[in-house]
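In case you want the letters, here they are:
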Amino acid sequence: MNLEVLVEERSAEQAFRVLLPRIVPDIDFEMRVFRGKTDLLKKLPDRLKGYAGWIRQGDVVNRIAVEELEAWFFGDIPALCGAYPRIPASLGGQAKYRDPDAIRGGTWEALERVLQARGYHPGGLAKTVAATEIAQHMDVDANRSRSFQAFRDGVRRLVSGDTSAAAE
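Residues numbered from 1 in each chain as written. Predicted model: local features only at pLDDT ≥ 70, side-chain atom pairs only at ≥ 80, totals over all residues. Heavy atoms only, no water.

## Here we look at the overall build of the protein
Basically, it comes down to this: What counts as a helix is a DSSP run of H or I of at least four residues, what counts as a strand is a run of E of at least two, and both are numbered from the N terminus.
Within the protein, the regular secondary structure consists of seven helices and two strands. Put simply, the protein runs from its N terminus to its C terminus through helices and strands in the order β-α-β-α-α-α-α-α-α.

This is the structure:
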């Protein structure tokens, strides 16, 4: 089996290169990186039509992460602390970070504020660097982000041959 993942930017690609082998070990995967959300959404209909011509029913799971990748990082506070030790372990207990997929004002901006408040990325969040550093510490089975859980569980069902994965 070969898994193909479409991502909107390089930071997501870097995170997935670390996370996918942990989610579904021993599965080959390819990344299709787009130049932002607009590019991905523009090209997605044609790509899906192309897949329809050569993929059997049940071999596709669609997961569109509505929240940004950074919500997945807030879903694993120990990973944030592992990558950036000055981040307090109590961060996840703060009301605004308890539900990583509901962080107001943008998760990218929130992550940048949290990191900069502790002296990291003072010139602006280097998303690709942060994605790589944080993903290396993530526990894919303990993430609190519902969107991450939906992605992880859907990919695992697909790989296991569970046809209900496509119906969600």
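## What about helix α2 (residues 37–52)?
Residue pairs three or four apart in sequence face the same way in an α-helix, which turns once every 3.6 residues. The line we're drawing: Helices are assigned an expected span. That span is 1.5 Å times one less than the residue count. To get the bend at a residue, fit one axis to the 7 residues ending there and another to the 7 starting there, then take the angle between the axes. A contact between two residues is defined here by any heavy atoms of the two lying within 4.5 Å.
In a regular helix each residue adds 1.5 Å, so 16 residues correspond to 22 Å; α2 covers 22 Å between its end C-alpha atoms and thus fits that length. Within α2, the axis deviates most sharply at L44, by approximately 45°, and proline P45 lies no more than four positions further along. Against the buried residues of α2 lie β1 (2–7).

## A word on the packing of aromatic side chains
Stated precisely, the cut-off is as follows: We call Phe, Tyr and Trp rings a pair once their centres come within 6.5 Å, taking the six-membered ring for Trp, and we label the pair stacked below 30 degrees between planes, edge-to-face above 60, and tilted otherwise. A 1.4 Å probe rolled over the protein chains alone gives each residue an accessible area, and that area as a share of the maximum for its type sets the label: buried under 20%, exposed over 50%, partly exposed in between. Working rule: Lys NZ or Arg CZ, within 6 Å of ring centre, within 35 degrees of ring normal, means a charge sits over the ring.
Across all of its chains, the model carries six aromatic pairs by this definition. Note on F16 and W72: the rings are 5.7 Å apart at their centroids and 80° apart in plane angle, and the pair reads as edge-to-face. Here the residue F16 occupies a position in helix α1 (residues 10–23), and W72 occupies one in helix α3 (residues 69–74), the gap between them amounting to 56 residues. Accessibility assignment for this pair places F16 and W72 in one class, buried. A network of ring pairs unites the aromatic residues F16, W72, F148 and F151 as a single cluster. In this arrangement the basic side chain of R86 is found over the ring face of Y120, its NZ or CZ atom lying 4.0 Å from the centre.

## With respect to helix α7 (residues 146–160)
In plain terms, the rule: Note that the arc is defined by the directions from the helix axis to the C-beta atoms.
Compared with an ideal rise of 1.5 Å per residue, which puts 15 residues at 21 Å, α7 spans 21 Å between its outermost C-alpha atoms and is within 8% of the ideal. The set of residues buried in α7 consists of S147, F148, F151, R152, G154, V155 and L158. The buried residues of α7 occupy an angular sector of 165° when the element is viewed end-on, so they sit on one face. Counted as exposed and oriented over 90 degrees from the buried face of α7: R146 and S160. Where α7 ends, the next residue or the one after it, G161, has phi of about 90°, a positive value.

## Examining the pattern of salt bridges
Pairs can form between side chains of opposite charge once their charged atoms are near each other. The test is simple: Within this document, salt bridges are pairs made up of a side-chain nitrogen of Lys or Arg and a carboxyl oxygen of Asp or Glu, the two lying within 4 Å of each other.
Taken as a whole and judged by the stated rule, the model has 11 salt bridges. Linking R10 and E13 is a salt bridge whose minimum nitrogen-to-oxygen distance equals 2.8 Å. Of this pair, R10 and E13 both sit in helix α1, three residues apart, which is roughly one turn of that helix. Judged by its relative accessible area of 8%, E13 is buried. Through salt bridges that share partners, E4, E30, R32 and R47 make up one connected network.

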